[in-house]
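Spelled out from the first residue to the last, the chains are:
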Amino acid sequence: MSENVIIRFDQVTKQYDNDTVVLDHVSFEIERGKFYTLLGPSGCGKTTILRLIAGFTEASEGDIFFNGNRINHVPANKRQVNTVFQDYALFPHLNVYENVAFGLRIKKMNQADIDQKVKEALRFVNLNGYENREITEMSGGQRQRVAIARAIVNEPEVILLDEPLSALDLKLRTEMQYELRDLQKRLGITFIFVTHDQEEALAMSDEIFVLNEGKIQQSGTPTDIYDEPINRFVADFIGESNIVPGKMIRDFEVEFAGKMFECVDQGLHANEPVEIVIRPEDLEITDWNQGKIQARVVSQLFRGVHYEMLCYDEEQNEWLVHSTKKATVGDAIGLNFDPESIHVMRLGETEEEFDKRLESYDEVSHEK
Ligand SMILES: Nc1ncnc2c1ncn2[C@@H]1O[C@H](COP(=O)(O)OP(=O)(O)OP(=O)(O)O)[C@@H](O)[C@H]1O
Ligand SMILES: [Mg+2]
């Protein structure tokens, strides 16, 4: 294990009262100083992972390590982590200063040190001068920053943030995304951030864990996950995707929409059924007879930067197209795409198998 690893989950399972399994043999490593995001739909187990890290609940099976030491039974107040909760959980009867100072007072730190640390934490989140304000007199975004100041003042090694931006309006939310990312870089503390918003995850993270039904579906950098989704769930959850059934004919040749296409995938079985992903922005509109696929446009929307067209091919597959070119409803058009834009997903492939397969492509392309 690399010495950069600060948290490690080894086959962690969480089950409440012999009821349904909430986390199912989850394993991952968190490296020091990076920004991680747990992304997934409601109920997939994101908060449960944070609670296990913070020590608010215990694993049913498996091991949790912090700096190489097993911490399964270490109480919450002995762990080097602080949590920023979704509702911020600030004390409404205390002012900004006392909210931030709270943890330091519990530690019985002397007043001069508390003063200095609280000032510093408030400066970090751009709230200097707000010390004496009541919490009830702060806006949503300001409360959020108080909650972060309260977490960083304890100088934890890891900060856990459970959907901290979900209560904010879109504009403030975008601003806070920049601020949080910037803050994490300046502090150099490990952030584990929870969201069910894929755009937020793509914009902020060094690494994303995509969760569904208590299992990690895929982990990797935002571009890795966006460019090479492992399965239908991830492809659908991250960005917009066209997913159609297909068949791998042989290496570098795949069939879908009733035709054969050159692709970059290899090492699958001949005639293996697969699913094909092509991103809407990777489809190019051309004349009917110039396209690799022929399709009819059934709807068109202007999206500001691009037009969005929904089309059906001759096999009744649905194709969403994002293009700066406009096509009119009823038009018969051709769709073009590069072999690299065809992503072939094997049915039921594990992340390990998937990573191995992609690595072998790199080796082949280096040999070429
Ligand atoms: N104390 C508990 N007892 C029984 N089941 C629980 C308990 N806490 C959570 N669960 C269940 O565990 C599952 C995962 O919950 P969790 O809070 O981790 O989801 P989440 O991914 O954070 O969802 P959300 O996005 O809605 O916050 C849910 O089905 C939830 O009902
Ligand atoms: Mg949650």
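Nothing here was measured: the structure is a model prediction, and the numbers come from that model.

Definitions and cut-offs
Residues numbered from 1 in each chain as written. Chains lettered and ligands numbered in written order. Predicted model: local features only at pLDDT ≥ 70, side-chain atom pairs only at ≥ 80, totals over all residues. Helix = DSSP H or I, 4+ residues; strand = E, 2+ residues; numbered from the N terminus. Buried ≥ 20, exposed ≤ 12 C-beta atoms within 10 Å, placed from the backbone. Contact = placed C-beta atoms within 7 Å. Pairing = 2+ DSSP bridges. UniProt positions renumbered as here; feature names shortened; annotations may be inferred. Domains from an automatic or database assignment. Core = buried A, V, L, I, M, F, W, Y, C linked by C-beta atoms within 7 Å. Near = placed C-beta within 6 Å. Nonpolar A, V, L, I, M, F, W, Y, C, P; charged D, E, K, R; others polar. Axes fitted to C-alpha atoms, helices over the stretch in contact; angles between N-to-C directions. pLDDT = per-residue confidence, 0-100. Parallel < 35°, antiparallel > 145°, perpendicular 65-115°, else oblique. Left-handed = near helix turned anticlockwise from the far one by under 90°.

Draft legend 1. Quick peek at the overall build of the protein chain. Within the protein chain one finds nine helices and 20 strands. Here the protein chain holds 368 residues, and the buried ones make up 33% of them. Long-range contacts, defined here as pairs at least 24 residues apart, represent 65% of the contacts in the protein chain between residues at least 6 apart.

Draft legend 2. Local environment of the sheet that holds strand 1 (residues 5-15). Taking strand neighbours across the sheet as the criterion, the four strands line up as 2-1-4-5 in an open arrangement whose pairing is antiparallel. This sheet does not close on itself; its edge strands, each paired only once, are strand 2 (21-31) and strand 5 (69-70). Sheet topology places strand 1 next to strand 4 (residues 61-66); five bridges connect them, and they run antiparallel. Each residue of the ladder has a partner; that of aspartate 10, found in strand 4, is aspartate 63.

Draft legend 3. Quick peek at the UniProt feature "domain: ABC transporter" (unreviewed entry) in the protein chain. UniProt's entry tags residues 7-238 with the feature "domain: ABC transporter" (unreviewed entry), counted in the numbering of this structure. The span residues 7-238 carries 36% helix and 26% strand; its end-to-end C-alpha distance comes to 25 Å.

Draft legend 4. Region of interest: the domain arrangement of the protein chain. Its domain assignment divides the protein chain into domain 1 (5-227) and domain 2 (240-367). On a C-alpha basis, the centres of domain 1 and domain 2 stand 38 Å from each other.

Draft legend 5. Inspection of the nonpolar core at higher detail. Membership of the largest hydrophobic core comes to 86 residues, with the highest contact counts inside it found for Val100, Ala149, Ile159, Ile192 and Val210. Among the elements that line this core, the one with the most residues is helix 4 (residues 140-152), at six residues. When residues of this core are assigned to domains, at least three fall in each of domain 1 (5-227) and domain 2 (240-367). Among residues more than four places away in sequence, those in contact with valine 100 are Val118, Ala121, Leu122, Val146, Ala149, Arg150 and Val153.

Draft legend 6. View of the site of ligand 1. Close to ligand 1 lie Tyr16, Val22, Gly40, Ser42, Gly43, Cys44, Gly45, Lys46, Thr47, Thr48 and His196. At three residues, the largest contribution of residues to the shell around ligand 1 is made by helix 1 (residues 46-54). Residues belonging to the shell around ligand 1 are distributed by class as follows: three nonpolar, seven polar and one charged.

Draft legend 7. The arrangement of the sheet that holds strand 13 (residues 259-262) in detail. If you walk across this open sheet you meet the five strands as 13-12-11-14-20, and the pairing is antiparallel. The outermost strands of the open sheet, each flanked by one partner alone, are strand 13 and strand 20 (343-346). The sheet shows a mean angle of 40 degrees between the axes of neighbouring strands, direction not considered. Sheet topology note: the strand 14 (residues 272-278)/strand 20 ladder contains four bridges and is antiparallel.

Draft legend 8. Here's a closer look at the environment of isoleucine 64. Checked against the element boundaries, isoleucine 64 lands in strand 4. By C-beta crowding, isoleucine 64 is classed as buried, having 21 other C-beta atoms within 10 Å. Setting aside anything within four residues of it in sequence, one finds isoleucine 64 in contact with Phe9, Val12, Leu52, Ala59, Ile71 and Asn72.

Draft legend 9. Examining the environment of lysine 326 more closely. Inspection of the secondary structure puts lysine 326 in the loop between strand 18 (318-323) and strand 19 (332-336). Taking the C-alpha atoms as reference, lysine 326 lies 9.2 Å from leucine 301; in sequence the two are 25 residues apart. If we ignore the near neighbours within four places in the chain, the residues touching lysine 326 are Gln300 and Tyr307.

Draft legend 10. Quick peek at helix 1. A large share of helix 1 lies buried, amounting to seven of its nine residues. Listed as buried for helix 1 are Lys46, Thr47, Thr48, Ile49, Leu50, Leu52 and Ile53. Just beyond helix 1, the residue with positive phi is glycine 55, at close to 90 degrees.

Draft legend 11. Fine view of the confidence of the model for the protein chain. Chain-level statistics for the protein chain give a pLDDT mean of 92 and a share of 98% at 70 or above. Confidence, read as mean pLDDT per element, is least for helix 9 (residues 351-367) in the protein chain (79) and greatest for strand 12 (residues 253-256) (98).

Draft legend 12. Broad picture of unusual backbone geometry. Unlike most non-glycine residues, glutamine 11 shows phi in positive territory, near 50 degrees. Mapped onto the secondary structure, glutamine 11 falls in strand 1.

Draft legend 13. Main features of the packing of helix 2 (residues 96-106) against helix 3 (residues 111-124). Relative to each other, helix 2 and helix 3 sit at 130 degrees, their axes nearing to 10 Å. Judged by the angle between their axes, helix 2 and helix 3 are oblique. In terms of crossing hand, the pair formed by helix 2 and helix 3 is right-handed. Side by side, helix 2 and helix 3 meet where Tyr97, Val100, Ala101, Leu104 and Arg105 of the first sit next to Ile114, Lys117, Val118, Ala121 and Leu122 of the second. Of the residues contributing to the contact of helix 2 with helix 3, the split by class is eight nonpolar, no polar and two charged.

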